[in-house]
Amino acid sequence: MKGVADAPDAPDAPDTKKTQKTREKQKTRETREAEGARSSWWGAAFAAPHSIGLAIFTVVPILASLAVSFMNWPLIGERSWHGLGNYTQLFSDPVFRTVILNTAGFVVLYVPLNLVISLGLAAWLTPRIRHRQIFRVLFFIPTVTPIVANVVVWRMLYQPDGLIDATLRSTVGAQAPNFLADEKWAMFAIVAMSVWQGFGYNMLIFSAALDAVPENLIEAAQLDGAGPWQTFWRIKFPAISPSVFFATMMTLITSFQVFAQPFLLTKGGPGTSTETLVQYIYTTGFQNQQLGLASAGAWVLFVIILGITAVQFLGQKRWVHYG
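This section reports on the structure supplied with the text.

Conventions we followed
Residues numbered from 1 in each chain as written. Predicted model: local features only at pLDDT ≥ 70, side-chain atom pairs only at ≥ 80, totals over all residues. Heavy atoms only, no water. Phe/Tyr/Trp six-rings, centres within 6.5 Å; stacked < 30°, edge-to-face > 60°. Helix = DSSP H or I, 4+ residues; strand = E, 2+ residues; numbered from the N terminus. Buried < 20%, exposed > 50% of the residue type's maximum accessible area, 1.4 Å probe, protein only. 1 Å grid on protein atoms, 1.4 Å probe; cavity = no way out; pocket = protein on both sides within 12 Å on 5 of 7 lines; lining within 4 Å. Points joined across faces, edges and corners; volume = space filled by probe spheres on them. Nonpolar A, V, L, I, M, F, W, Y, C, P; charged D, E, K, R; others polar. Salt bridge = Lys/Arg side-chain N within 4 Å of Asp/Glu carboxyl O.

A few words on the packing of aromatic side chains. On inspection of all chains with the given rule, the structure shows 23 aromatic pairs. Judged by centre distance (5.3 Å) and plane angle (70°), the rings of W124 and F135 are edge-to-face. Note that W124 is positioned in helix α4 (residues 94–124) and F135 in helix α5 (residues 132–144), a separation of 11 residues in sequence. Residue classification places F135 among the partly exposed residues on the basis of a relative accessible area of 29%. Where W154 meets Y158, the ring centres are 5.4 Å apart and the plane angle is 50°; that geometry is what we call tilted. Here W154 and its partner Y158 are both found in helix α6 (residues 147–158), four residues apart, which amounts to about one turn of the helix.

The next point concerns unusual backbone geometry. Residue P270 is reached from G269 by a cis peptide bond, and omega for that bond is -5°. Inspection of the secondary structure assignment puts P270 in the loop between α11 (260–265) and α12 (277–287). In this model, K267 sits at a positive phi of 60°, which is unusual for a non-glycine residue. Following the sequence through the fold, K267 ends up in the loop between α11 and α12. Phi is positive for Q289, close to 60°, though the residue is something other than glycine. Looking at where Q289 falls in the secondary structure, it is placed in the loop between α12 and α13 (291–315).

On to empty space enclosed by the protein, then. Counted under the stated rule, the structure contains one cavity of 30 Å³ or more. Size it by volume and the largest cavity reaches roughly 30 Å³. In this structure, the largest cavity is lined by M249, L252, I253, F256, I305, I308 and T309. Put simply, the parts of the chain that give the lining of the largest cavity at least two residues each are α10 (228–256) and α13. Looking at which element gives the most residues to the lining of the largest cavity, the answer is α10, with four residues. Residue composition of the lining of the largest cavity, by class: six nonpolar, one polar and no charged.

Scanning the entire structure with this criterion turns up three salt bridges. Here R136 ties to D211 by a salt bridge, and the two come within 2.9 Å at their closest N and O atoms. Linking R136 in helix α5 with D211 in helix α8 (residues 183–211), this pair joins segments that are 75 residues apart in sequence. In this structure D211 comes out as partly exposed when scored by relative accessible area, which is 37%. For R169, the salt bridge is made with D165, and the minimal N-O distance between the two is 3.2 Å.

Structure, rendered in structure tokens:
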């Protein structure tokens, strides 16, 4: 009788198992959520030093410089609200217009030369070239050499009775121009030194990208009768176009920010023929002690770079191939 009385309780067993499974799933979910919360806290804790440093030394100075650009802010003395006066003064200053043209001229000369030379050397440094690693190192050395050392070497090349002048005298009997003191040659001299110093970085990027191009694509193109020139432009270049886009963007940005080469080689001279926008900002802020005007110049540079970067990103859809 006891077994018969207990029989109706038997169907509750599956419900009990389902309840236990539901509770176990809920506990597992709660455990995972707790572990995720702990991981998030740990991630925030590890990222906090960098985030705090970024806020203090980057974000706050950027916002402060924007505020300073609307003020008359001498390095020493009383500060006052100036509104758009600094920007008006900048664009009415003939020197400012000159340095913008100088910077644009440097960009127009430097960026194509840098990209063409670095891409050409990367295409030449195929795995078939013996000791190509040595060539890579040699081409990259100027990039990591201190800029002051490079300037010393190039001054010795450019100066009267220097290596270039002596070579021309001994070979063709002609005298080389005074490159750094001649307005016609000074910017070209700066561009030549800058290209020599900067092409190694892009060369490594392009070389690595070319090494990653699948061999089967190249072999298929060759079987279809494509020559080296067609293989490069129809197969290799589209494959490395993301790397070319990245190198172009970075080279454009850094070329607009050029400062050390003209400052160390010519001090912006002769006259203002090689003075760039960053050098103008430096001179205005730290030599003329007009921080408001210098901040306005910095924001003009920021807007120029931002605009060109936006145009590049909009245009990349036409020639950059991902995947």
